[in-house]
Amino acid sequence: MQTRTIIAAVAKNKAIGFKNKLPWNLDDDWKHFKAVTAGHSFLMGRRSYEAEDHLLSDKWNYVLTQRSNIPLWDKSSIVSSFQEFLQLTKREAEIFILGGATVFDLAIRNNWANKMILTHVDASPQADAYFPDVDWSEWKEIDHQEFKKNEVNDFDFKIVTYLSRSIL
């Protein structure tokens with residue numbers, strides 16, 4: 001069974017972005033992100049892909065959009081549906097869903113994901129993009145790590161891994 005992982009940093013007010021950028025700097029979270037996602041394909045929406053601080057896979061990047069004329073970086077292609085993304089990545093053991101808000105909402109509402117790695121940021125910054133509501137009764141926490149605010153992290157945060165109860 002393929003692991004389909006949502007990975008996101010989420011503030012206490014569910015903020016995930018402001019003006020198409022992350023509203024914080026958390027170097028230790030970046031290190032964790034890079035270690036966990038290395039060698040895996042990413043799915044993201046067009047706005048996340050075009051963001052100034054976009055995240056790109058060292059394997060392959062899939063952009064979920066209906067637009068066919070966006071400029072693409074190396075190792076990137078457009079998909080018009082989640083099903084197309086799954087077909088293209090069916091041989092991969094784990095794939096990552098990077099957002100933004102609309103893609104996260106679709107993934108959660110349609111049960112596309114069976115794992116989430118969420119960085120819970122101890123802040124409530126100004127935002128214009130928010131993580132969707134989650135029915136937490138459908139998820140089980142299996143791991144967490146805590147980090148303190150310091151010279152490389154703007155805020156305290158914890159990285160929590162959840163599995164969908166449907167696969168337990």
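Above: the structure in question.
Quick look at the structure, then. (Residues numbered from 1 in each chain as written. Predicted model: local features only at pLDDT ≥ 70, side-chain atom pairs only at ≥ 80, totals over all residues. Heavy atoms only, no water.)

Once that is clear, we can look at a nonpolar patch on the surface. There is a patch of nonpolar side chains on the surface, built from M1, I167 and L168 and spanning about 350 Å² of accessible area. Within the secondary structure layout, L168 lies in the segment after β10 (157-164). (Patch = residues over 30% accessible without salt bridge, like charges linked within 9 Å, V, L, I, M, F, W, Y side chains within 5 Å. Areas by Shrake-Rupley, 256 points an atom, 1.4 Å probe, with all protein chains shown as cover. Salt bridge = Lys/Arg side-chain N within 4 Å of Asp/Glu carboxyl O. Helix = DSSP H or I, 4+ residues; strand = E, 2+ residues; numbered from the N terminus.)

Here the focus is the packing of aromatic side chains. In this structure the tally under the stated criterion is eight aromatic pairs. With centroids separated by 5.7 Å and ring planes inclined at 55 degrees, the aromatic side chains of F82 and F85 adopt a geometry described as tilted. Of this pair, F82 and F85 are both found in helix α3 (residues 82-88), three residues apart, which corresponds to roughly one turn of the helix. The same class applies to F82 as to F85, namely buried. Through a chain of ring-to-ring contacts, three or more aromatic side chains come together here, namely Y62, F82, F85 and W112. (Phe/Tyr/Trp six-rings, centres within 6.5 Å; stacked < 30°, edge-to-face > 60°. Buried < 20%, exposed > 50% of the residue type's maximum accessible area, 1.4 Å probe, protein only.)

Quick look at the side chain of H40 now. Take H40: it is sitting in the loop between α1 (27-37) and β3 (42-45). Using a relative accessible area of 19% as the deciding quantity, one classes H40 as buried. At a separation of 3.1 Å, a polar atom in the side chain of H40 contacts the main-chain carbonyl oxygen of E94. Discounting residues that sit within four places of it in the chain, H40 has contacts with S57, D58, K59, W60, E92, E94 and F96. (Polar contact = N/O pair within 3.5 Å; in protein donor to acceptor, adjacent residues only side chain to side chain. Contact = heavy atoms within 4.5 Å.)

What follows concerns the environment of H144. Along the chain, H144 turns up in strand β9 (residues 139-147). Residue H144 is classed as partly exposed on the basis of its relative accessible area of 39%. A C-alpha to C-alpha distance of 14 Å links H144 and I7, two positions 137 residues apart in sequence. Non-local contacts of H144, meaning those with residues more than four positions away in its chain, are made with I159 and V160. One polar contact links H144 to E141, side chain to side chain, over a distance of 3.0 Å.

Turning next to the nonpolar core. A general feature of soluble globular proteins is that nonpolar side chains tend to end up buried together. I6, L43, I97, M116, L118 and F131 are the most contacted members of the largest nonpolar core, which totals 26 residues. Looking at this core, the elements that each hand over two or more residues are β1 (3-11), β4 (61-64), α3, β6 (94-99), α4 (101-109), β7 (115-121) and β10. If you tally residues by element for this core, the top one is α4, at four residues. If near-sequence neighbours (up to four positions away) are discounted, L43 is found in contact with Y62, L64, V79, F82, F85, F96, I97, L98, G99 and V103. Residues A11, A15, W24 and F157 belong to the second largest nonpolar core, which totals 20 residues. (Core = buried A, V, L, I, M, F, W, Y, C linked by side-chain atoms within 4.5 Å.)

Every buried residue of α4 is accounted for by V103, F104, A107 and I108. Viewed along the axis of α4, the buried residues span an arc of 130 degrees, placing them on a single side of the element. Of the residues in α4, the exposed ones pointing more than 90 degrees away from the buried face are T102 and R109. In the core, the buried residues of α4 are packed alongside β1, β2 (15-17), β3, β4, β6 and β7. Once α4 ends, the next one or two residues include N111, with phi positive near 55 degrees. (Arc of directions from axis to C-beta.)

Limitation: the analysis is restricted to geometry and does not speak to function.
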